[in-house]
Amino acid sequence: METPNGSKRSILHICTRETIRPLRDQVLRLHGFDVDSTLNHTEGLSMFWARQYDLVLIDVEGETGIPHAEKMCSAIKTAQHQQLVAFVCNWRVAILTDCPDEILRTEFDPAAFAQGVQDIITPTA
């Protein structure tokens, strides 16, 4: 998906699951997004400081992943309150946290995943 000036929308994808991260990255790229990703929250924050993103997408693997995701979300929102942040998680995690701007459910449907991201970062006219 491109912005009105013709550049691709950029996404920072943080996902600690080695097998899922590259699949999601590819789905997003196939749908026209520019994607940077990492397996590590600390590296994700470093990447965030180095570049501006339209969306920071944080995978939350189960309830045990909530503290790491919320800490990262809080650091990002404190530094840049306008930054759009979304968690990718299951329904249970979604009801246990309120940090991000948006929640994407993790049912593995690549088209629905890409559409969910597109709905979150719709271009401004």
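Residues numbered from 1 in each chain as written. Predicted model: local features only at pLDDT ≥ 70, side-chain atom pairs only at ≥ 80, totals over all residues. Heavy atoms only, no water.

Thoughts on the pairing of strand S2 (residues 34–38)
Remember that side chains alternate between the two faces of the sheet whenever the strand is regular. Here five bridges tie strand S1 (residues 10–14) to S2, and the two strands are oriented parallel to one another. Its bridge partner lying in S2, His13 is registered against Ser37. (Pairing = 2+ DSSP bridges. Helix = DSSP H or I, 4+ residues; strand = E, 2+ residues; numbered from the N terminus.)

Structural notes on helix H2 (residues 41–50)
Within the sequence span of H2, burial applies to Gly44, Met47 and Phe48. The buried residues of H2 occupy an angular sector of 105° when the element is viewed end-on, so they sit on one face. Along H2, the residues that are exposed and aim more than 90 degrees away from the buried face are Thr42 and Ala50. Each element contacted by the buried residues of H2 is listed here: S1, S2, strand S3 (55–59) and helix H3 (66–79). Two or three places before Thr42, at the start of H2, stands the capping residue Asn40, its side-chain oxygen 2.7 Å from that residue's backbone nitrogen. (Buried < 20%, exposed > 50% of the residue type's maximum accessible area, 1.4 Å probe, protein only. Arc of directions from axis to C-beta. Contact = heavy atoms within 4.5 Å. Polar contact = N/O pair within 3.5 Å; in protein donor to acceptor, adjacent residues only side chain to side chain.)

As for the side chain of Ser37
Structurally, Ser37 is set in strand S2. Engagement of the side chain of Ser37 in a polar contact is seen with the side chain of Asp25, the distance being 2.4 Å. Ignoring sequence-local partners within four residues, the contact set of Ser37 consists of His13, Arg21, Asp25 and Met47.

Structural notes on the packing of aromatic side chains
One pass over the full model with this rule turns up one aromatic pair. Seen from their ring centres, Phe48 and Trp49 are 5.0 Å apart, and the 65° between their planes marks the pair as edge-to-face. (Phe/Tyr/Trp six-rings, centres within 6.5 Å; stacked < 30°, edge-to-face > 60°.)

What about the pairing of S1?
Of all five residues that make up S1, five are buried, and the element is covered over most of its length. In this view, the connection linking S1 to its parallel neighbour S2 by way of helix H1 (residues 20–30) has right-handed handedness. (Right-handed = clockwise from strand over helix to strand, strands pointing away.)

A closer look at the packing of H2 against H3
At a minimum axis distance of 11 Å, the contact between H2 and H3 shows a crossing angle of 15°. By the angle between their axes, H2 is roughly parallel relative to H3. As for the relative orientation of H2 and H3, their crossing is right-handed in sense. Of the residues in H3, those touching H2 at His41, Gly44, Leu45, Phe48 and Trp49 are His68, Ala69, Met72, Ala75, Ile76 and Ala79. Considering only residue class, the contact of H2 with H3 consists of eight nonpolar, three polar and no charged. (Axes fitted to C-alpha atoms, helices over the stretch in contact; angles between N-to-C directions. Parallel < 35°, antiparallel > 145°, perpendicular 65-115°, else oblique. Left-handed = near helix turned anticlockwise from the far one by under 90°. Nonpolar A, V, L, I, M, F, W, Y, C, P; charged D, E, K, R; others polar.)

Quick word on the packing of H1 against helix H5 (residues 110–120)
H5 packs onto H1 with a crossing angle of 65° between their chain directions and a minimal axis gap of 10 Å. The two elements H1 and H5 cross, and the hand of that crossing is right-handed. On H5, the residues touching Arg24, Val27 and Leu28 of H1 are Pro110, Phe113, Ala114 and Val117. Of the residues contributing to the contact of H1 with H5, the split by class is six nonpolar, no polar and one charged.

Regarding the side chain of Thr38
Looking at the element boundaries, Thr38 is found in strand S2. With a relative accessible area of 3%, Thr38 lands in the buried category. Of note is the side chain of Thr38, whose polar atom sits 2.7 Å from the side chain of Glu43. The residues contacting Thr38, other than those within four sequence positions of it, are His13, Ile14, Cys15, Arg21, Glu43, Gly44 and Met47.

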